[in-house]
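Structure at a glance
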Amino acid sequence: MWKRTRTPGPAPNRKSFSIVHQYIQHFNEVSGNKSAVIRRRTKSPGVTTTQYVANMPEGKSIPEFRRKPAPITVKEGKCAAFKAVVIGDPKPDVSWRRSKGPVSKKDKFKSKYDEATGEHVLEIYNVSAAEEDTYRCCAVNQYGKALCSATLTVTDAQTHIADFRKLLRKSKVEESQTEEGDDRRFWDAMLDADRKDYQHICAEFGVTDVDSILKKLEDKRRERAQQDDMSPSGGDGTDKRRLKESTVKGVNEDDLLKHAGEEEDVLFTEFKLSSLDFVIRIQEIRAHEGDDALFECVLTHPLPRITWMGRGSVLEDGQKYNITVSHHKLIHRLRITECSPLDKGIYSAVAGIISCSARLMVEADYDPVSAAKKKAGKPGLAVGSRTDLEKVAKEQQIKNREEMEKILASVSAKKPQEGRHGQPRDRPTFSVMETGGEGTSGPGESPKGMRCDETEDVTDSITDSRRQRQGPSVEEEADDSNQTGFPEDNEEVCGPPNNSVTRGQTRERRGRGVGSEPRRVPVQLNQTEEPETSADEETGSTGNKGSTGSVRRHKHTKKVQWKQETSAACFTPGSSITDSDELVSDEETTDGDENEDSTGNVQQSSRKRSQKPQKVGKVDKGDCYDETEDATDSVTPPRRKRHGPLVEDVLIDPGVHFICGLSDVSTTVNDSAELSCKLSSDDCEGAWFRDGMKISPDDNFTVMKDGAIHKLVINMCREEHSGKYRFEADGRKTEAMIIIRDPPRFDPEGLHTFCEPLMVKVGHSAAFKVHFVGHEPIKVQWYREGEELQDGTITRVETGGGRSRLVLSRCQRRDSGEVRIRLKNDHGFTEAVSQLTVLDKPTPPLGPAEVTESSATLIEFRWRLPKDDGGSPVIGYLLERQQVGRNTWKKLEETPGVDYRDTDVEHGRKYRYRVRALTAEGTSEPMETDHMQAGTLAFPGPPAPPRVVSASDDCINVSWDAPPNRGGSRILGYILEKRKKGSNLWTVVNDLHQLIKEKNYAVTDVVPGLEYEFRVMAINLSGVGEFSSPSEFVFARDPKTPPGGVTGLKVVESSYSHLVLTWTKPEDKPGVQDEAKGYFVELRQAESLEWSRCTSTPILTPSFSVRGLKPMDMYWIRVIATNDGGDGPPQELDSYVLAMPSPVRPKFTNKKMKSFLVVKAGNSVRITVNFEASPRPAVTWLKDGVPVGRRVTVSNSDGSSQLLIPLSERPDSGVYSILVKNLAGQETFSTEVRVTDDPKPPGPVELQGNVPGTVTLTWGASPDEKRDDRLHYSVSALDSSKRTWTTVAERLFNHRFTLCNVMLGRQYSFRVYARNDMGVSAPSESPTWGTEKKREKFVVSRPTWGERDLRCAPAFMVPLKLHTAPKGYECYMSCAVRGNPPPRVTWYRDHVSLNTNTNYHISNTWGVCSLLILQVAPRDMGEYRVTAENALGRAECCTVLSVRE
């Protein structure tokens, strides 16, 4: 049936709002109010969308959630991630919020955007109960916003099993109430939606397992079909009605069936993805720069397309990336053309839910020799695997086919044995003979030989949806059948009352011509019972009953005759049956032996059969009955009973079929091509065709047959050999395409000449020429060192007539390098590489020259090779010498090496040398050396400190290294000295006249038991050099034996992070174990097997503190004694050590803890308690004896605990207690917290004077009195004779107060305040009490003063001074000016105003005028003038600024 389709992307621009919304929008635009918005209903549940404008601009859209975040349930301590995909134009901004707090903590929350997937992600690290909340994702752009929420549920990692049972019971109750409606809406949406919308719907409902949903979807469709079948109108009527409705809308039934088949094929592919895997994965590739890289993989099942990804992005087929797939869709290839270093990275092949990756490495140094040896006509290509992929793919095809054959055989063996009620039956047998005539029953006659007591369904299954798309549609076949007189609808046909299609009846009634009469189709079956067919088998693979009758028809007729006993004959001798529509093939002719539908059921294709005709008996017409049946009927009619005896079975010849068909072949011109297929029989002959024309063997075509394998070989392919090739054998055929490509190719002889390196002299021209052939047009490109060459004054490219020529004029040395030609056409490309060398004179030798030896009689020095030899090897070097102080140069002999020894020198003279490199192309420019002096005293430097190789009672072996600075001459020998420990005297070991030639010496002049140190100095031709640093002290004694093991190892102190160990040193037993010189402490964790040393140097004392331990971890510890003889045996503790302190009863260490705390409502409540306890205690906070709620945050650490209420409220008042408990005991501390606020003022104040001299005040209660039991009142009074308020009463807990000693003639005012622990309220004032005595007005007379004129003209009180400032320093000028009104001050430099110049900082503060120059420069020199001007006058002051360098 037709599905409703959705158009992806934003909705079209249309007015979809009501008149009320448009009126509101118009009112907002007129009034300027932009805050009003329009809410829209979205397709996704749980998403709120708000649109800011009524008329959306064309091409713009509000934010929409393509995939909203799903609820997450995660264990405590794990990580959680919310993901959402948002679309909109312009691109919306996405933010995350939560209900109970911010998401700004960087160590807890992180929001990011994944460009590869388009997902907005909120990651939550180390989830705890505090993060359990509702999280909202908000997407906003200028036209609207979208909001959706998701919940995060945190479960305890150590939840007891009973808690899980409670959670399960609770979840079942909630799911039964909430999920029933969502589940129904989800399946309704999936059943009515297009296949391309499946993933979008699953994302909206939070479904992640799409594969299982697709499998369940078919069951849901089948259930809906069964419900339609049980309706009064029947399934057939429903399908016909749907077809009719579709036809009314302009859709014919052919397109409908074709559309249904395409959907089934897509679903089949999706189910294949669940079992898909890689047979051969892509391999790592190393490619040279400029070569192509080819990634290849082989799948287990055919797939038309996979996704290739490179460096995190999806790759598309184009000029850079060439993505191809083989004809059998098993081999997938990615070709990366002209690799560069930017292409290296990780590449992945993604097929469904599986993937494989490999690395591409590009080497920048291209080898020209290997490029020249490439095969002609093929470009440089780097491949990761050398496996024959075609062979592997064919083996995989055969393997898949064998698996399907096994499934088909098992189904075929099982199906005939299933009766209608579970009873086995035999499969009916028949014989088939093709004939060219029509049926023997004429028009108007009922068929003869038809037994009507029982018929048999001889069809195994209907063909799949692919066969329906290839064969003719139902209506076309009906039209074809009318020409041969096939029966039409409602025609009387004798057969079983089954809705499946049988060979004894037509699957779909054909329309008959004018004047034709009904006829019957005679069929005789074995006398066996027919099993009852289930509804799933009757409806076929697609699930649409309207398409179950579509089968492929054959135009020829077949004659069917049945063998039986004469006593139960049903046919008349000589009678025959003809029906071109009754028999279908049991196997496919080209696509294989079996197919699998989308629900996993195996379908068997029709198979052609042939058998010799047998004699048949008569038919008793009285036993026949008529029945009208439709092929699309899905209602199972009542079962029929068998009458008569059984009939003997006849064996069936399966016929010849293809085991392996032809495969497409792609080859190049002049290469060979081969097509091969395999039949099921060795004796069957066949014929080959090309584009419908039969092929005969000749010089180009060779036809071979090896048993059941048939081959066609094209010896030398040409372009006209491309086309479709077909092989036919015994009515079967298989087809394949041969594609002949003609890529560009080089002439072998010309290529060999081109690849040879070319050498030319500088200034000459170089020419390269190559011939080529290939399919026109061919694009020719020349490159030099990777840069493409174009026609110009120096470079000329000539192409035409199958050849190309490159000429480089006036070549320079820099033109040397690789020259590459690239040919490309529609069929491929190829490259060839040559090497160009431009010969020139070499560059000068590299300096500076290094003096290797200098004495009174010789100077020896060396230099380095030239940087560029000019393309020719260096033959030798020409030297010249000049004595310092003279102008002439003396030529010396030629030397072949890079060093020279000049013996013709005078002592004390200085010389300078010139060195030139000599090649076949000429001589280089000279390299001059610095001055070199003959006989200079240059002493050698100090050697490295001597090393003690071995020591004994009578000998110590010492070695050393030569000094790095030899002083310009060779080392003649060494002098070795020794010194006893504690002495200042060094003594020479060897004789001064017998220098030590080697760099080692055995010192025998030692006293056993003493310690010695050694130093050495070198001697060259100039004399004795510096002494080396002394060696380490060494005893002159025989080697020591290792010490014994330590004793008494124990732990004396422990904590969570360190341990303190003590032990006793091992005994000293001469000859057995010597004294320990130090100790090593080693430890390992309980789960580890490796020991690690705590220090790299030995410990000298028998105690050590091990630090850096993990709290509560178990450690094994051992101690090893060591000396010069080696390490002793390790000594371990008897048991492991736990990193924890000794048990300590909890106690509080903070002596200033408050037992009462008052907090203003809205502020935070923070209670910090410090304690000591070991091991780490369990901390519990209680409020009024009950554990605190979720509004309270508790933070525990080593030695402290903190209670925090971020926003306090009045209900948070109470007694908070902390309970610290461990194995050693427990301790409790309580703090009363009172959350209150500034009280509200009392009610109105009333005054009463019942008793003379007193006044009684009464007032209303404050609104906060009921919520605060510590609220009280205070009264203040104001006497008319005084000017200050006086407190007359405090801490009043009632609403009445009487004031005594009230004086007559005075007025009193009263104020009543409400007070609590937080503060004082605003006062409530009373009316005035009493009457004030009238007094005469006191009049003060004051003299009148005349106004004084303070105006004055500007005048400088402090003038400017002369300034001299250094360059680059700051300069500050100031002066003081007065005047009234304040004058306007202006600064000038050389009569140019500076007030608007930003390089000067000018200020005027109460007449003090200043000018600041931050960095004085010469341009700031000149005369500076400041003027002050007001209405009464003008004043000036000037100075001069000088700048000092």
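Rules used throughout
Residues numbered from 1 in each chain as written. Predicted model: local features only at pLDDT ≥ 70, side-chain atom pairs only at ≥ 80, totals over all residues. Heavy atoms only, no water. Helix = DSSP H or I, 4+ residues; strand = E, 2+ residues; numbered from the N terminus. Buried < 20%, exposed > 50% of the residue type's maximum accessible area, 1.4 Å probe, protein only. Pairing = 2+ DSSP bridges. Arc of directions from axis to C-beta. Core = buried A, V, L, I, M, F, W, Y, C linked by side-chain atoms within 4.5 Å. Contact = heavy atoms within 4.5 Å. Axes fitted to C-alpha atoms, helices over the stretch in contact; angles between N-to-C directions. Salt bridge = Lys/Arg side-chain N within 4 Å of Asp/Glu carboxyl O.

Right, let's get into the environment of Q994. Assignment of secondary structure puts Q994 in the loop between strand 55 (987–988) and strand 56 (1000–1003). The class for Q994 is exposed, based on a relative accessible area of 58%. Linking Q994 and G973, residues 21 residues apart in sequence, is a C-alpha distance of 8.8 Å.

What follows deals with the pairing of strand 31 (residues 709–714). When strand 27 (residues 673–679) meets strand 31, the two strands line up antiparallel, connected through six bridges. Directly across from C677, in strand 31, lies its bridge partner H710. The sheet contact formed by strand 30 (residues 701–706) and strand 31 spans six bridges and is antiparallel. Paired with K705 across the bridge in strand 31 is H710. Hairpin geometry of strand 30 and strand 31 is characterised by an intervening segment of two residues between the two adjacent antiparallel strands and by a positive phi of about 70° at G707.

Another aspect to go through is helix 12 (residues 748–755). Along helix 12, the residues classified as buried are G750, L751, F754 and C755. Taken around the axis of helix 12, the buried residues stretch over an arc of 130°, which confines them to a single face. The outward face of helix 12, more than 90 degrees from its buried face, is lined by the exposed residues P748, E749, H752 and T753.

Below, the discussion takes up the nonpolar core. Counting residues in hydrophobic clusters, the biggest one holds 26 residues, and the most contacted among them are F295, W308, I336 and L360. Secondary structure elements with two or more residues in this core: strand 12 (285–288), strand 13 (292–299), strand 17 (331–336), strand 18 (345–351) and strand 19 (354–363). A per-element tally of this core places strand 19 first, with five residues. Filtering out sequence-adjacent residues up to four positions away, F295 remains in contact with I282, Q283, I285, W308, H332, R333, L334, I336, Y347, A358, R359 and L360.

Before going further, it helps to spend a moment on the sheet that holds strand 47 (residues 899–902). An order of 43-44-47 is seen for the three strands of this open sheet, with the pairing classed as antiparallel. Taken across any chain shown, the strands that pair with only one partner, and hence form the sheet edges, are strand 43 (846–854) and strand 47. Each strand axis lies, on average, 20° off the axis of its neighbour in the sheet, ignoring direction. As defined by bridge partners, strand 43 adjoins strand 44 (residues 859–864) across five bridges and the pair is classed as antiparallel. Residue E850 lies in a different strand from strand 44, and its bridge partner there is R862.

A few words on the pattern of salt bridges. For the coordinates displayed, the defined rule picks out 61 salt bridges. For E132, the salt bridge identified is with R1190, shortest N-O distance 3.7 Å. Placement of the pair is E132 in the loop between strand 8 (119–124) and strand 9 (133–141) and R1190 in the loop between strand 73 (1186–1187) and strand 74 (1193–1197), with a sequence separation of 1058 residues. Taking the relative accessible area as the measure of exposure, E132 reaches 18% and is therefore buried. Through salt bridges with shared partners, a single network forms among E1232, R1234, D1268, D1269, R1270 and D1317.

Functional significance is not addressed by these values, which are geometric in nature.
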